[in-house]
Amino acid sequence: MDIMGYPMETIYLTGLIVFGCITFLYVLVSDLIHGAFEVFSHILSPTLVLSFFTILSACGYVLETITFVNSWPILGISAGSSLILVSLLNIFILIPLASAEASLNYAEEDLRGRIGKVITSIPSNGFGEVFIEGISGNIAKPAISMDNEPIGQGSKILIVDVKSGVVHVMPYEQTALL
């Protein structure tokens, strides 16, 4: 079958190249232009639509070149295969990625009230270093004593404040409850 004088293999191959390139470019710059497509993203994701046409073109091209079936059934098989694969892509990759934690970064304000351990002694009017264990990883931060009292290496500390990346600490004394 020909459309406007072009064989279906050529149309599928052209579609594969064009939609494949647009899909690849969209994935690369989607964060930059996300706001432009935000209205449509609740209905249909541009990633899914572009992936659908890319897979449709790829399936159509392969079936047109290796089989002698009429072009209409090939178009239906390609559309069905593309719909199934794009649905699986959405369910198993895109939805879990969207609901995943954005990063393992922490805000400095989150360190207030945490307990750590001195790894480099903190002199009375100077800086030392503390080690804070966390669920998302361990953190080593420069530290200064709140009371300008020296704190020895290996001591437990309580983080009182964080200013300009430096934690202000005081010795941690755990009291026993009677």
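A quick note: this is a predicted structure, and the numbers were derived from the prediction, not measured. (Residues numbered from 1 in each chain as written. Predicted model: local features only at pLDDT ≥ 70, side-chain atom pairs only at ≥ 80, totals over all residues. Heavy atoms only, no water.)

**Quick look at helix H4 (residues 71-99)**
Point 1. With 29 residues, H4 ought to run about 42 Å at 1.5 Å a step, and its terminal C-alpha atoms sit 40 Å apart, in line with that.
Point 2. Of all the bends found along H4, the most pronounced is centred on Asn-90 and spans about 40°.
Point 3. Every buried residue of H4 is listed here: Ser-71, Ile-74, Ser-78, Ser-82 and Val-86.
Point 4. Taken together, the buried residues of H4 touch helix H1 (8-29) and helix H3 (46-66). (Helix = DSSP H or I, 4+ residues; strand = E, 2+ residues; numbered from the N terminus. Expected span 1.5 Å × (residues − 1). Bend = angle between axes of the 7 residues up to and from the residue. Buried < 20%, exposed > 50% of the residue type's maximum accessible area, 1.4 Å probe, protein only. Contact = heavy atoms within 4.5 Å.)

**Concerning the packing of H3 against H4**
Packed helix pairs are specified by the crossing angle of their axes together with the interaxial distance, meaning the distance between the axes.
Point 1. Put simply, H3 and H4 touch, their axes get as near as 8 Å, and they point 140° apart. In this view, H3 runs oblique relative to H4, as classed from their interaxial angle. Considering how the two elements wind past one another, H3 and H4 form a crossing that is right-handed. (Axes fitted to C-alpha atoms, helices over the stretch in contact; angles between N-to-C directions. Parallel < 35°, antiparallel > 145°, perpendicular 65-115°, else oblique. Left-handed = near helix turned anticlockwise from the far one by under 90°.)

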